[in-house]
Amino acid sequence: MNIDLRCYGDEIQRLLDRSTSFDLRSPIDVAIWYREQWLSIADTLGFAGEIPAAFANIEGNTQQRIDASNRAGLTAFRSYLGRQAPTISDAHARVIEAVLEQLMRRSASTGDLWRVTADPTTLPSGACYSHDDGSSHRAFYPDTAPGYFGDSREGPPPRAESACGWSTPLVLHLGTWPWVYSTRLDGPPAALRWSSPAGGRPALLGLQSIATMLDPTGNLRQDARQVAAIWKSYSAQLAPALARVPAFEPGRARAGQLYTRGGALAVHQGSVQIAGVMGPRGRVSAAAHNYIVGRFAAFFVLRRAILRALPSMPSLHQLAASSSDPCLRQHAEELARAL
């Protein structure tokens, strides 16, 4: 079945044109695609060594394999976190955990998990935590300046006085976790530090948002118009900088040089962890760029696979038909007329 997603913009269709498709009705396709997604995530975040054991012996039908793959990815990350040194205090971690839990519950009905916004004073502890010296600090970075994920940070400003100085909305881009801030795409991702002496549950919750996007039901509940708008902003702003990066040519590449290769950034005989490009709103690391592109591509590849499979998945068809996303409803209605 031909599925055209240009209703979300030509930028999305171009992203799909250079992405690998899979058949959601094929258990083998599902097993391969989901393992590749989690291995890509793990390669960037540092827990690739945990993947082979976690993904051993995944069987069952399509949905069973999807559920098992996402559990395996989260299990691998949990094991990795258990060996890492703490990076934030328990007090800080508890607030992050409570805030994420509230935002993720809310997004299940609002369809805005990719980018969540909230009045911080309505969140647990006012999105503040207490330092050892008794002072109150923001649990998250403020991210309201124009950034790569958009020109403005729309959202509710604090309605009440903040104990830790919040004067702007809280904005988090959970669809590209752990790069959750639009203005902090250079260097290690800030949200990967969400691990405390008591454990890494805040970081695990962050990765859970990625797993939600990799589940067909979670994908359909997300309003793809929000995702498409953020991708349009990101890709348009970085396009001039990426255009200056030479394409990789076998036999002519120089060691340590940054290249574009298969739609990603690569360093010949070097690491993408220390390379990057300078765009209009600051430097973007090559590792961050590749990861971010991968998350957007995975979302729309899965969306297209779901739409192709709707005739054999009535529960997903019903969810698509009742969506607030007009593009999704249109595809569901066209399918209903064809049946």
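Whatever comes next refers back to the structure up there.
The structure reproduced in this document is the subject of the present report.

Calculation notes
- Residues numbered from 1 in each chain as written.
- Predicted model: local features only at pLDDT ≥ 70, side-chain atom pairs only at ≥ 80, totals over all residues.
- Heavy atoms only, no water.
- Helix = DSSP H or I, 4+ residues; strand = E, 2+ residues; numbered from the N terminus.
- Buried < 20%, exposed > 50% of the residue type's maximum accessible area, 1.4 Å probe, protein only.
- Areas by Shrake-Rupley, 256 points an atom, 1.4 Å probe, with all protein chains shown as cover.
- Lys, Arg positive; Asp, Glu negative; His and termini not counted.
- Charge placed at Lys NZ, Arg CZ, Asp CG, Glu CD.
- Core = buried A, V, L, I, M, F, W, Y, C linked by side-chain atoms within 4.5 Å.
- Disulfide = S-S within 2.5 Å.
- Pairing = 2+ DSSP bridges.

### Examining the overall build of the protein
Scanning the protein for helices and strands turns up 11 helices and 8 strands. Over its C-alpha atoms, taken along the principal directions, the protein stretches across nearly 65 × 55 × 40 Å. Within the protein, the fraction of its 339 residues that count as buried is 50%. Approximately 15200 Å² of the protein is accessible, and the part contributed by carbon and sulfur atoms is 49%. Mean positive and mean negative side-chain charge positions of the protein (34 and 29 charges, respectively) differ by 3 Å.

### Topic: the nonpolar core
With 108 residues, the main nonpolar core has Trp 177 and Phe 300 as its most contacted residues. The biggest single contributor to this core is helix α9 (residues 286-309), with 16 residues.

### Remarks on the state of the cysteines
Under the counting rule described, the total for this entry stands at 2 disulfides. Two residues, Cys 7 and Cys 327, share a disulfide whose sulfurs are 1.7 Å apart. Taken together, the residues Cys 7 in the segment before α1 (10-17) and Cys 327 in helix α11 (residues 326-338) connect sequence positions 320 residues apart. Classification of Cys 7 by relative accessible area gives partly exposed; the value is 41%. With a relative accessible area of 5%, Cys 327 lands in the buried category. The connectivity of the disulfide bonds within the protein can be written as 1-4, 2-3, using the sequence rank of each bonded cysteine.

### Structural notes on the pairing of strand β8 (residues 282-285)
Two strands pair when backbone bridges link them, and strand β7 (residues 276-279) and β8 are joined in this way by 4 bridges, in the antiparallel orientation. In the sheet register, Val 277 faces β8, and the bridge partner there is Val 284. Remark: 2 residues form the turn of the hairpin made by β7 and β8, two consecutive strands paired antiparallel.

Remember, this is a structural readout, not a statement about activity or role.
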